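Residue-level listing of the chains:
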Amino acid sequence: MAKQYELIHPKTHLRVLSQYEIQQLKDVSSGAHELLRRCSFAVLSAGSLEDDYTRLEESYKSFNITVEQEERGIVLQLSGAPTSAFVDDQIIRGVREQLFSVLRDILYAEENILKAHRFDLDKSEDITNAVFHVLRNANLLQPDVEPKLVVCWGGHSIPPNEYQYTKEVGYELGLRGLHIGTGCGPGAMKGPMKGATIGHAKQHIRDGRYIGITEPGIIAAESPNPIVNELVILPDIEKRLEAFVRMAHGIIIFPGGPGTAEEILYILGVLSHPANKDIPFPLIITGPEETRAYLEDINRFIGDTLGKEAQARYELVINDPVTVARKMKAGMEAVRQYRRDNNDAYFFNWTLKIDHDFQVPFEPTHANMKTLRLTHDAPFHELAADLRRAFSGIVAGNVKADGVKLVRKHGPYEIHGDADILDGMDRLLRAMVDHGRMKISGKYDPCYRIIKDA
């Protein structure tokens, strides 16, 4: 069921907009209005476990949002909103705050990143500065706080025992005063936050940070979970990934599907750059005992494609939340000392070198997927970047609106490359399908075909 009519006033930020901004958001033919509508529906659906785009689209058709100016400020007018966002006809406070975070980020990106041409988005340093400005505008950058932020990556579609393990790791992190950042959705993105809330409560930490970093293409299938208390929407997946690694003081990776594989390849491609070899960056891949074989498959795939140098940049810890938290806490001290010695900010890792190939948005069309260079003949950084793009395309074909429509129209993506690389990729993808990591519910129909070059 849906609420047919509701007026929502801001309680925290963004109380006033200009007439120009309001007109942009009211213009149903504008990209800004459609972005606001899509992302707002996702926020209002917080807690949903639906990742089937077809069913989401049906619910979405009856939803609309408009922005109105009143004498006291702005008001959002909702129709067809999910009833789960309300309690006794009052919108849940956390949902209200996330709703206005959506409005803030869409307006800022539209005016200051996409239209104003303040940044040349073909230049690496300007892309990094654009990411910084979005995060600063969202008030996520806290200059007086020492390294405490652990970013947790992992699948949105995971079984109960894995979800419980992510909570246990989050609890141990919370007991040690560490904050949590995730992709803000369900599964391994929600579990660490939920566990950390208990750890923080036991330590009487009242300012715990549960940061959700997302982007418009993924937010509909991975609605922000209700624990997120700081939400930011980056313009695209590449800027979202850069925001993660620039803000994080360490990263924990739980078992997941192709989106998690994309994140692993991104961070390893970045850390393997020669300019980053001396930068401390605690990185742990972990899961419960039942995931040992799967995690070893991931470890083997990394070794077969990116080599031992990439494997040396992370630790594999099985079924030991306390050890994970202790290693991450110790890693924070190394990060703090390095940032201090090199006069780098605690709140944004300016020193880290990110190649342009990892920053440029990738459009997962059938032609682009087919021409990826998954071959050992390619330079190392190009192979890492194209592997990341291959998994990004599979994510799009699984859950993103545009990707789902393309696959429905033209059939599965074709992925070409060297036989040994694609053998490892095929094993990993089959394991994801067998373990239900591609889809929360229902039968999974692959959006890709593996084609080995002769």
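Residues numbered from 1 in each chain as written. Predicted model: local features only at pLDDT ≥ 70, side-chain atom pairs only at ≥ 80, totals over all residues. Heavy atoms only, no water.

Draft legend 1. Geometry of the packing of aromatic side chains. Summed over all chains, the structure comprises eight aromatic pairs. Ring geometry for F41 against F63: centres 5.4 Å apart, planes inclined by 50 degrees, an arrangement best described as tilted. With F41 in helix α2 (residues 31–44) and F63 in the loop between α3 (53–60) and β3 (64–70), this residue pair connects regions lying 22 residues apart in the sequence. In this pair, the class of F41 matches that of F63, namely buried. One aromatic cluster is present, built from ring pairs that chain together F132, F348 and W350. (Phe/Tyr/Trp six-rings, centres within 6.5 Å; stacked < 30°, edge-to-face > 60°. Helix = DSSP H or I, 4+ residues; strand = E, 2+ residues; numbered from the N terminus. Buried < 20%, exposed > 50% of the residue type's maximum accessible area, 1.4 Å probe, protein only.)

Draft legend 2. Expanded view of unusual backbone geometry. Of note, N319 is a non-glycine position whose phi angle comes to about 60 degrees, a positive value. Within the secondary structure layout, N319 lies in the loop between β14 (315–318) and α13 (321–341). Take N319: its relative accessible area is 42%, and that puts it in the partly exposed class. Backbone geometry places N343, a non-glycine residue, at a positive phi of 55 degrees. Classification of N343 as exposed rests on a relative accessible area of 74%.

Draft legend 3. Focus on the environment of V67. Within the secondary structure, V67 sits in strand β3. Distance in space between the C-alpha atoms of V67 and I8 is 9.7 Å, their sequence separation being 59 residues.

Draft legend 4. Quick peek at the packing of helix α6 (residues 160–175) against helix α7 (residues 191–202). Between α6 and α7, the shortest axis-to-axis distance is 6 Å and the interhelical angle comes to 35 degrees. Handedness of the α6/α7 crossing: right-handed. Seen from α6, the contacting residues are Y163, T166, K167, G170, Y171, G174 and L175; seen from α7, they are G191, P192, K194, G195, A196, I198, G199, H200 and K202. (Axes fitted to C-alpha atoms, helices over the stretch in contact; angles between N-to-C directions. Left-handed = near helix turned anticlockwise from the far one by under 90°. Contact = heavy atoms within 4.5 Å.)

Draft legend 5. Geometry of the side chain of D126. Position of D126 among the secondary structure elements: in helix α5 (residues 124–137). Of the side chains bearing the opposite charge, K123 lies closest to the buried D126, which forms no salt bridge; the N-O distance is 5.8 Å. D126 has contacts with R118, F119, D120 and L121, leaving out every residue within four places of it along the chain. (Lys, Arg positive; Asp, Glu negative; His and termini not counted. Salt bridge = Lys/Arg side-chain N within 4 Å of Asp/Glu carboxyl O.)

Draft legend 6. Examining the nonpolar core more closely. One finds L135, I251, I267 and M425 to be the most contacted residues of the largest nonpolar core, which totals 78 residues. Here this core gets eight residues from one element, more than from any other, and that element is helix α10 (residues 258–271). Contacts of I251, omitting those with residues within four sequence positions, involve V151, W153, V245, I267, F281, P282, L283, I284 and M328. (Core = buried A, V, L, I, M, F, W, Y, C linked by side-chain atoms within 4.5 Å.)

Draft legend 7. Highlighting the sheet that holds strand β11 (residues 230–233). If you walk across this open sheet you meet the seven strands as β11-β10-β9-β8-β12-β13-β14, and the pairing is parallel. Looking at the sheet topology across the chains shown, the edges are occupied by β11 and β14. Taking the axes of each pair of neighbouring strands and ignoring which way they run, one obtains an average angle of 25 degrees across the sheet. Of the strand pairs in this sheet, strand β8 (residues 149–153) and strand β9 (residues 179–182) are connected by three bridges, and their pairing is parallel. Counterpart to V151 in the pairing with β9 is G181. (Pairing = 2+ DSSP bridges.)

Draft legend 8. Focus on the packing of helix α11 (residues 292–305) against helix α17 (residues 419–434). Here α11 crosses α17 at 160 degrees, and the two axes come no closer than 10 Å. One finds that α11 runs roughly antiparallel with respect to α17. By crossing handedness, the relation of α11 to α17 is classed as left-handed. Mapping the contact onto sequence places Y294, D297, I298, F301, D304 and T305 in α11 and I421, G424, M425, R427, L428, A431 and M432 in α17. Looking at the contact of α11 with α17 residue by residue, the class counts come to eight nonpolar, two polar and three charged. (Parallel < 35°, antiparallel > 145°, perpendicular 65-115°, else oblique. Nonpolar A, V, L, I, M, F, W, Y, C, P; charged D, E, K, R; others polar.)

Draft legend 9. Main features of the environment of G199. Tracing the chain through its elements places G199 in helix α7. The buried category is assigned to G199, whose relative accessible area is 0%. In the structure, G199 is positioned 25 residues away from G174 in sequence and 4.2 Å away in space, judged by C-alpha atoms. Not counting residues up to four positions away in its chain, the partners in contact with G199 are Y171, G174 and L175.

Draft legend 10. Region of the structure containing the side chain of D236. Note on placement: D236 falls in the loop between β11 and α9 (237–247). In terms of polar contacts, D236 uses its side chain to reach the backbone amide nitrogen of E238, at 3.2 Å. Residues within four places of D236 in sequence aside, it is in contact with E215 and P361. (Polar contact = N/O pair within 3.5 Å; in protein donor to acceptor, adjacent residues only side chain to side chain.)

Draft legend 11. Focus on the environment of E97. Residue placement: E97 occurs in helix α4 (residues 93–115). In this structure the C-alpha to C-alpha distance between E97 and L231, which are 134 residues apart in sequence, comes to 8.7 Å.

Draft legend 12. Structural view of α6. Along its 16 residues, α6 runs 23 Å from first to last C-alpha, staying within 8% of the 22 Å computed at 1.5 Å per residue. In the segment just after α6, G177 is the residue with positive phi, at about 75 degrees. (Expected span 1.5 Å × (residues − 1).)

Draft legend 13. Local environment of the pairing of strand β12 (residues 250–253). Here β12 shows two buried faces, one formed by G250 and I252 and the other by I251 and I253. Relative to β12, β8 is paired through four bridges, and the arrangement is parallel. Bridging across to β12, V151 finds its partner in I251. Pairing of β12 with strand β13 (residues 283–287), which is carried by three bridges, proceeds in the parallel orientation. What sits directly across from I253, in β13, is I285. Of the crossover connections in this fold, the one passing from β12 over α10 to the parallel β13 is right-handed. (Right-handed = clockwise from strand over helix to strand, strands pointing away.)

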